[in-house]
Amino acid sequence: MQIQETAFVISTYRSYHEGISKDPYAKLWNNPATDALIPDILKNVSEYEAVLHSIRNRFFYEEMNSFFEAHNGGTLINFGAGFSMYQFLMNKNVSTIEIDKKDIITYKKERIDSWTATGKLPKRDIQYAAVNFTNLSEEEIVVMLTPLIKKKPTFIVLEGVLFFLDQHTTHKLFRVFKNLQNSRDLVGSVSYIPEIENTKVYKRLLYYFDSHNDTNDSFMHQTTPHSFYENIDGYQLKHHTDEFELSKIYAPDSIIEDKTHILNEHMYILRRV
Ligand SMILES: C[S@@+](CC[C@H](N)C(=O)[O-])C[C@H]1O[C@@H](n2cnc3c(N)ncnc32)[C@H](O)[C@@H]1O
């Protein structure tokens with residue numbers, strides 16, 4: 001499985017639970033190749049993956065929506081955007097910068113332009129940037145993105161990406177964020193805590209990735225401790241929760257007995273000081 005395929009899988013998960021994800025546009029990306037992958041993942045990794053990813057989307061949807069409502073618009077900067085569709089879920093006074101690897105960005109822009117032209121999507125102010133976080137330097141990324149930010153304040157989202165990066169790139173990205181943002185701007189980030197490495201479900205996830213790695217795509221399996229978020233230069237940790245806790249609010253009918261039985265991702269909201 002290529003990293004890019006994970007973006008299709010997650011978008012399809014969101015389409016399974018529109019009421020929870022609040023994303024009626026996710027289904028536009030559904031396709032037979034991705035549909036064929038999902039039953040195996042739900043069976044052999046965890047049956048809760050689709051609902052948990054929908055909960056994750058809902059969390060960020062609520063956070064960014066209330067931020068932009070309070071500020072009467074601004075810019076959403078989506079690092080590793082994949083096929084997420086927040087840009088259409090926000091009010092039209094919100095501009096968006098979509099950042100990902102070149103092949104995702106090229107394909108996404110082409111599909112979005114076509115669906116917008118045919119009225120399947122509402123019109124939004126969207127800019128695209130093809131960036132490989134690993135290959136480019138902090139300065140190169142900042143120089144590329146700074147001119148694209150036309151409206152303030154900004155909300156940066158880094159969702160479903162850190163798992164695939166190493167520590168060096170992670171630290172670089174947070175320095176980029178510090179450079180791009182002003183006081184009181186927000187970052188939303190997702191990661192696994194290191195304790196998950198001892199759970200059976202996480203071992204099943206790694207086994208799945210390893211046994212389906214039919215490409216030369218090498219990627220990390222990064223987990224991140226809370227202390228990382230408590231010590232980021234230029235940021236204060238404002239809010240922290242996890243999918244298990246959020247499932248009680250957004251999916252009370254999904255009976256998850258124990259948080260160690262699921263791939264429980266943690267979500268962090270950081271405020272630029
Ligand atoms: C699991 S998907 C998540 C997509 C989206 N954020 C979401 O939650 O639906 C991970 C995304 O990170 C992107 N990504 C991974 N490593 C990257 C890198 N080094 N540079 C740029 N993008 C990267 C992938 O291309 C992919 O779109």
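Provided above is the structure to which this section pertains.
The following refers to the structure shown.

### Let's talk about the environment of Gly 234
Piece 1. As for its placement among the helices and strands, Gly 234 is situated in the loop between helix 10 (226-230) and strand 6 (235-242).
Piece 2. Its 16 C-beta neighbours within 10 Å are what place Gly 234 among the partly exposed residues.
Piece 3. Spatially, the C-alpha atom of Gly 234 lies 36 Å from that of His 17, the residues being 217 residues apart in sequence.
Piece 4. When neighbours within four sequence positions are excluded, Gly 234 is seen to be in contact with Lys 178, Arg 272 and Val 273.

### Let's talk about helix 8 (residues 167-180)
Piece 1. The terminal C-alpha atoms of helix 8 lie 20 Å apart, and with 14 residues this matches the ideal 20 Å at 1.5 Å per residue to within 8%.
Piece 2. Buried-residue contacts for helix 8 involve strand 1 (74-79), helix 7 (138-145), strand 4 (154-158) and strand 5 (186-191).

### Structural notes on the sheet that holds strand 7 (residues 266-272)
Piece 1. On the basis of which strands lie adjacent, the open sheet formed by seven strands has the order 3-2-1-4-5-7-6 and mixed pairing. Each having just a single partner strand, strand 3 (126-130) and strand 6 make up the two edges of the open sheet. Here the strands of the sheet are splayed against their neighbours by 15° on average, with no regard to which way each runs.
Piece 2. Relative to strand 7, strand 5 is paired through six bridges, and the arrangement is antiparallel. Each bridged residue has a counterpart across the sheet, and for Ser 189 the counterpart in strand 7 is Tyr 268.

### Looking at the pairing of strand 3
Piece 1. Relative to strand 3, strand 2 (residues 94-100) is paired through five bridges, and the arrangement is parallel. From the neighbouring strand, Thr 96 faces strand 3, where its bridge partner is Ile 126.
Piece 2. A crossover links strand 2 with its parallel partner strand 3, the connecting element being helix 6 (residues 102-117), and its sense is right-handed.

### Notes on the site of the ligand
Piece 1. Every one of the 21 residues lining the ligand counts as a neighbour, but Ala 7, Gly 80, Gly 82, Phe 133 and Gly 160 are closest to it.
Piece 2. Top contributing element to the shell around the ligand by residue count: helix 1 (residues 3-16), with six residues.
Piece 3. Across the shell around the ligand, the residue classes break down as nine nonpolar, nine polar and three charged.

### Brief notes about the environment of Glu 47
Piece 1. Among the secondary structure elements, Glu 47 is positioned in the loop between helix 3 (32-44) and helix 4 (49-70).
Piece 2. Glu 47 sits in the partly exposed class, given 13 other C-beta atoms within 10 Å.

### So, the environment of Leu 121
Piece 1. Here Leu 121 lies in the loop between helix 6 and strand 3.
Piece 2. Linking Leu 121 and Thr 75, residues 46 residues apart in sequence, is a C-alpha distance of 19 Å.
Piece 3. Not counting residues within four places of it along the chain, the set of residues in contact with Leu 121 comprises Tyr 25, Phe 88, Ile 112, Trp 115 and Thr 116.

### Structural notes on the packing of helix 4 against helix 11 (residues 243-250)
Piece 1. Between helix 4 and helix 11, the shortest axis-to-axis distance is 10 Å and the interhelical angle comes to 85°. Taken together, the axis directions place helix 4 and helix 11 in an arrangement best described as roughly perpendicular. Of the residues in helix 11, those touching helix 4 at Leu 52, Ile 55, Arg 56, Arg 58 and Phe 59 are Glu 243, Leu 246, Ser 247 and Tyr 250.
Piece 2. Along the lines of polarity and charge, the residues of the contact of helix 4 with helix 11 split into five nonpolar, one polar and three charged.

The rules we used
Along every chain, residues carry numbers that run from 1 in the direction the sequence is written. Only residues with pLDDT of at least 70 are given local features in this predicted model, and only at 80 or more are side-chain atom pairs given and counted; all residues enter the totals for whole chains, interfaces and linings. Secondary structure elements are defined from DSSP: runs of H or I of at least 4 residues count as helices, runs of E of at least 2 residues count as strands, and each element is numbered from the N terminus. Every C-beta atom is placed from the backbone, and the number of other C-beta atoms within 10 Å of a residue's own sets its class: buried at 20 or more, exposed at 12 or fewer, partly exposed in between. It is the C-beta atoms, placed from the backbone, that decide contacts: two residues are in contact if theirs lie within 7 Å. Residue count minus one, scaled by 1.5 Å, sets the expected span of a helix. Pairing between two strands is assigned when DSSP locates at least 2 bridges connecting them. Orientation is described by axes fitted as lines to C-alpha atoms, over the contacting stretch for helices, and by angles from 0 to 180 degrees between their N-to-C directions. Orienting the strands away from the viewer, one traces the path from the first strand over the helix to the second; a clockwise path indicates a right-handed crossover. Only the C-beta atom, placed from the backbone, is used; a residue is near a molecule or strand if that atom lies within 6 Å of it. Classes in brief: Ala, Val, Leu, Ile, Met, Phe, Trp, Tyr, Cys and Pro nonpolar; Asp, Glu, Lys and Arg charged; the others, Gly included, polar. Working rule for angles: under 35 degrees goes down as roughly parallel, over 145 as roughly antiparallel, 65 to 115 as roughly perpendicular, anything else as oblique.

Interpretation note: all reported values are geometric properties and have no functional meaning in isolation.
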